[in-house]
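Residue-level structural notes
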Amino acid sequence: MKALAEHDLPWIGEAVDIVARAEGLPWRVAEGELERVLAPANALAAVTSSLRKLLGGRAVHARVAREVRGMVLGAPALSASARSARLETCAQRLGLPPRELESLLWSDLPRERAIELPAGRPNELEVAAHANVQLVQRALGRAHGVQARLWGDAGVILRAALARGLIATATREPDHVALAIVGPLALCHRTGVYGRALAQLAPLLAACDRFELAIDAGDYTTSIASPMLLPVAPTDRAGVYLARKLARDLGRLERTLDLELAPEPLAAGRALVCPDLRVSEAYVELVGFWTAEYLAAKLTRYHRAGARVVLVVDEARGAEQLPAGALGYTRRIEAAAVLAAIRSPTCRSPDG
Amino acid sequence: MRMRFDRGTVVFDQVGDGEDPAILVGATRDAELAAWRVPADRLADVRVRLSAADVRASDEIRTEPLDGAWAMPNLRWYQQLAIDAWRRAGDRGVIALPTGAGKTLVALGAIAAAGVAALVIVPTRVLLDQWARALALAWPGAIGRLGDGDHQVEAITVATYASALVWAPRIGDRFGLVVVDEAHHVGAWCPGEVFEMVVAAKRLGLTATPPGSGGALERHVGDVVYALGVADLVGDALAEFEVATIPIELADDERKVYRAARGTFAAAFARFQRDQPGAAWREFARASRRTVDGRAALAAWRASRAVLAYPAAKRVALRELLARHAGERVLVFTADNATAYAIARELLVMPITCDIGRAERAAMLDRFRAGDANVLVSAQVLDEGLDVPEADIAIIVGGTASTRRHVQRIGRVLRPRPGKRAKVYELATRATTEAAQVVRRRRGLEPMAVSP
């Protein structure tokens, strides 16, 4: 996959100019013009989509447009006079000139609404950065699985992958983290649903200092690597949703607790563990689907990393006896039970 | 060995000594979990294999129970025959009935007969709402809805294709039956993986236009077990109808633009076909985007279609037809959304497109039923499934050669009423590609009775 870079800025500028010139006209007019820009089709589509996203505007007009349509549209106005009469009556009722009323009719529909430049002409670099996210998303969306090499905070990607139901295996290398990510059904073949989950990781790549992705799409492979123009990574709420709730409950229980949400992953030999929460000297990891072997391996890794841990396990996902160091929950994680488990002697510590 | 459902797969762990995982044909090792996985739809097959091999397995997959009694309306003769055929086929397969013949009732009958929790998958938000309301009339419990902002799961749940794809990894173990509406979309709009991620062995597909055999629909749902076409039910369960083709002449300037555009496109397309015989349209489009000439050819193709979509003579013809049928409920079908909006803007009638939200669409359909807004214009949303019982007239301003689409569109006005005779007008531009399309798409109206 070829990301957009400095040398693409001239044609991106041309695309931005087309949209800026079409201010006030429907988006479909600009889209027709944009097709003439000489650029790779997928890159142009990503730029067009980014421009639409950056300029926004739909929500602002949605309510008014609906109201106007409900009032104006009805039985067909088959003559010019019938048409003007209806528009005038409705305009009077709303206290608007008929012309403005007509322009409001479609002001919320994606291709029909008028282009607006609320903050002036968009910047090419910003457009390119957002378009790159889309290009990476498209590549990941078609993927079977991904092998990632991440420098800096790999925990963001690891947690985000796990939160989206992906299987992620992390290995610590001397200067980076190697991450193998695949969807459960994608173990059997390429799937759209887990391709989409992989694509959701794209905006978060900017959180890493450096990255390299080897994307396996089944019938072909492609690679993506930084440096790449990307917008600042957003906070991934999905990745820390439950942990954030638990941290809040623990904080309410004991104000003096030293809590850290999404701490740095811990090295356990070559493997890596990724706790969701640090509570003073101990760690908490929330576990989704599990097997006894999976929990045992996880506890061993924490042990090897020299960390005390409580694995908080959804009991609905299994009916086995939980090992020491694991705390089961059904429906709701009880903060008091987690705190008690952290403080109990069974909380797995480096010396057993 | 233990079996559990997880994220669209069945997971096998605790494989005992002497239990050979090879019995799970096609299973993939999940090293992280130290377990084996197969797609969820293989569950029934795996259960049979394990049982045949006398392997004792702890099976923790339980579909939701269905407690309650259905309040079923009377079924028509062919609806009952269709359900009987489906049951004989082992509660799997596709039932093909023309639009307006009551496929929803067939599904209700099939779900009631199967007696298991059911997930109904539909293409659009409009149909989600429509199905949920129909099911609520017959089923005493709550109806789950997934899509259009709802995410409630019940023993009987309706989901849009898009939501089913997102939710299947989470709820794929809860249903014993999957019903897919407009089943000809399976494998394309409705991805096959939705069906792979649900354990339900019972499957029912509903369509007016079944695709040929050997495709994704057959693989995931089954063969066509019962089929009737429009011609089989006209005068019985469907209203009598007549189709009138209205020839349209392009104005001189339109003709000039059309010919120039078509010429540019045809020359480029012919060159491409010479270089790559048998290549698909998609490949032509992809190759064309890479060159200046190719882009010009694509732009010319779009320009030629734009001329045909709504030329001046179609404008005149449409006004005349609407005046002739003033006060009657009319559905206007266009080739694309832009034309639907153009007509809506010009005549101040309501467009029903994918861009129009649920509440607004429902309000407008209510006004259409009440007769206050008696004309609706749409490119695609009205093509399939939407229940508009009061429509009598269809005006096809633009379309494609697709027989499937044509049958669906005509079906919109075939819901019977005593004394009703529906009228379908096709506006076809002379000496253009549209004239040939009209001839081709009519083949879809021929009889197709299949009843084993």
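Sequence positions are assigned chain by chain, starting from 1 and proceeding in written order. The order in which chains are written sets their letters, starting at A; the order in which ligands are written sets their numbers, starting at 1. The predicted nature of this model means local features are confined to residues of pLDDT at least 70 and side-chain atom pairs, given and counted, to a pLDDT of 80 or more, with totals for whole chains, interfaces and linings taken over all residues. Excluding hydrogens and water, the side-chain values take into account all heavy atoms of the structure.

Describing the sheet that holds strand β14 (residues 240-248) of chain B
Residues and elements named next belong to chain B. Strand pairing is assigned whenever DSSP detects at least two bridges linking the two strands. Helix and strand definitions here come from DSSP, where helices need a minimum of 4 consecutive H or I residues and strands a minimum of 2 consecutive E residues; each element is numbered from the N-terminal end. Strand order in the open sheet formed by 6 strands is β14-β19-β18-β15-β17-β16, with parallel pairing between adjacent strands. Edge positions in the sheet fall to β14 and β16 (350-351), since each of these pairs with one other strand and no more. Taken together, the 2 bridges between β16 and strand β17 (residues 375-378) define a ladder with parallel strand orientation. When the sheet's bridge partners are listed, Pro-351 is paired in β17 with Val-377. In the packing of helix α13 (residues 337-347) onto the sheet, the strands contacted are β15 (330-333), β16 and β17, and the crossing angle to β17 comes to about 150°. Should any heavy atoms of two residues lie within 4.5 Å, those residues are counted as being in contact. Orientation is described by lines fitted to C-alpha atoms, with helices fitted over the stretch in contact, and by angles between N-to-C directions that extend from 0 to 180 degrees. Its contacts with the sheet place helix α16 (residues 433-441) against β14, β18 (393-396) and β19 (421-429), and it is angled at close to 145° to β19.

Observations concerning the interface of chain B and chain A
Taken together, the 52 residues of chain B in the interface contact 54 residues of chain A. When a carboxyl oxygen of Asp or Glu lies within 4 Å of a side-chain nitrogen of Lys or Arg, that pair is called a salt bridge. Taken together, the links from chain B to chain A amount to 4 salt bridges. Among the salt bridges present, the one from Arg-301 of chain A reaches Glu-32 of chain B, with a minimum N-O distance of 3.8 Å. Identification of polar contacts relies on pairs of N or O atoms within 3.5 Å, with a donor-acceptor requirement for protein atoms, meaning one able to donate a hydrogen and the other able to accept it, and with residues adjacent in sequence counted only if both atoms are side-chain atoms. Taken together, the connections running from chain B to chain A amount to 20 residue pairs in polar contact (both at pLDDT 80 or more). Gly is placed with the polar residues, together with every amino acid not listed as nonpolar (Ala, Val, Leu, Ile, Met, Phe, Trp, Tyr, Cys and Pro) or charged (Asp, Glu, Lys and Arg). Here the residues of the side of chain B that touches chain A sort into 25 nonpolar, 5 polar and 22 charged.

Details of the packing of helix α10 (residues 281-288) of chain B against helix α11 (residues 292-309) of chain B
Residue and element names in this part refer to chain B. Remark: α10 packs on α11, axes separated minimally by 7 Å, with the N-to-C direction vectors making an angle of 125°. When the axis of α10 is compared with that of α11, the two are oblique. Residues Trp-281, Phe-284, Ala-285 and Ser-288 of α10 form the contact with α11, whose own contacting residues are Gly-294, Arg-295, Ala-297, Leu-298 and Trp-301. The class makeup of the residues in the contact of α10 with α11 is 6 nonpolar, 2 polar and 1 charged. Orientation categories follow fixed angle ranges, with anything under 35 degrees roughly parallel, anything over 145 roughly antiparallel, 65 to 115 roughly perpendicular, and all other angles oblique.

Description of the sheet that holds strand β5 (residues 58-59) of chain B
Neighbouring strands of a sheet are bound in pairs by backbone hydrogen bonds; such pairs are parallel or else antiparallel. All names here are of chain B. Judged by pairing direction, the sheet is mixed, and its 5 strands sit side by side in the order β3-β4-β2-β1-β5 without closing on themselves. The open sheet is flanked by β3 (28-30) and β5, the only strands paired with a single partner. Of the strand pairs in this sheet, strand β1 (residues 2-6) and strand β2 (residues 9-13) are connected by 5 bridges, and their pairing is antiparallel. Counted as the bridge partner of Asp-6 is Thr-9 from β2. On the sheet, helix α1 (residues 43-52) packs against β1, β2, β4 (35-39) and β5 and is oriented at approximately 175° with respect to β1.

Some details on the confidence of the model for chain A
Mean pLDDT over chain A works out to 88, with 96% of the residues at or above the 70 mark. pLDDT expresses how confident the predictor is about each individual residue, on a scale running from 0 to 100. Within chain A, no element has a lower average pLDDT than helix α4 (residues 58-72) of chain A, which sits at 81, and none a higher one than helix α1 (residues 9-21) of chain A, at 96.

Structural notes on the confidence of the model for chain B
Model confidence for chain B is summarised by a mean pLDDT of 89, while 96% of its residues fall at 70 or above. Overall fold confidence for the complex sits at a pTM of 0.80, while the interface term, ipTM, reaches 0.75.

Thoughts on the side chain of Asn-374 of chain B
Structurally, Asn-374 of chain B can be placed in the loop between α14 (358-370) and β17. A polar side-chain atom of Asn-374 of chain B sits 2.9 Å from the main-chain carbonyl oxygen of Glu-328 of chain B. If sequence neighbours within four positions are ignored, Asn-374 of chain B has contacts with Ala-75 and Pro-76 of chain A together with Gly-327, Glu-328, Arg-329, Val-330 and Phe-368 of chain B.

Brief notes about the packing of aromatic side chains
A pair of aromatic rings is counted whenever rings of Phe, Tyr or Trp (Trp by its six-membered ring) have centres within 6.5 Å, and the orientation is called stacked for planes under 30 degrees apart, edge-to-face for over 60 and tilted otherwise. Enumeration over the complete set of coordinates arrives at 12 aromatic pairs over all chains. The interplanar angle of 50° and the centroid separation of 5.6 Å between the aromatic rings of Trp-106 of chain A and Tyr-341 of chain B together place this pair among those described as tilted. Remark: Tyr-341 of chain B occurs in helix α13 and Trp-106 of chain A occurs in the loop between α6 (98-104) and α7 (124-141); the pair is interchain, linking two chains. The residues Trp-106 of chain A and Tyr-341 of chain B share a single accessibility class, namely buried. Note on Phe-272 of chain B and Phe-284 of chain B: the rings are 5.3 Å apart at their centroids and 65° apart in plane angle, and the pair reads as edge-to-face. Taken together, the residues span a long stretch of sequence, with Phe-272 of chain B in helix α9 (residues 252-275) and Phe-284 of chain B in helix α10 at a distance of 12 residues. Three or more aromatic residues link up through ring pairs in this structure, and these residues are Phe-265, Phe-269, Phe-272, Trp-281, Phe-284 and Trp-301 of chain B. Placement of a charge over a ring requires the Lys NZ or Arg CZ to be within 6 Å of the ring centre, with the centre-to-atom vector within 35 degrees of the ring normal. Across the ring face of Trp-151 of chain A, the terminal group of Arg-210 of chain A is positioned such that the distance to the ring centre comes to 3.9 Å. For every residue, the accessible area obtained with a 1.4 Å probe (protein chains only) is divided by the maximum for its type, and the residue is called buried under 20%, exposed over 50%, and partly exposed between those limits.

As for the domain arrangement of chain A
Residues and elements named next belong to chain A. Residue ranges for the domains originate in an automatic or database domain assignment. Examined at the domain level, chain A breaks down into domain 1 (58-104), domain 2 (142-234) and domain 3 (238-343). The C-alpha centroid of domain 3 is placed 23 Å from the C-alpha centroid of domain 2. With 12 residues of domain 2 at the contact, the number on the domain 3 side is 15 residues. In this description, buried area is defined as the sum, over both parts, of the accessible area (probe of 1.4 Å) that is lost when the two are combined. Both faces considered, domain 2 and domain 3 share a buried interface measuring about 1,100 Å² in area, 59% of it formed by carbon and sulfur atoms. If you sort the residues of domain 2 by the area they bury against domain 3, Arg-159, Ala-170 and Arg-172 come out on top, with a joint share of 53%. Remark: the boundary between domain 2 and domain 3 carries 1 salt bridge. Between Arg-270 and Glu-173 there is a salt bridge, with its nearest N and O atoms 2.4 Å apart. Our count for the contact surface shared by domain 2 and domain 3 stands at 4 residue pairs in polar contact (both at pLDDT 80 or more). Mapped by element, the contributors of at least two residues to the side of domain 2 that touches domain 3 are α8 (155-163) and β2 (167-172).

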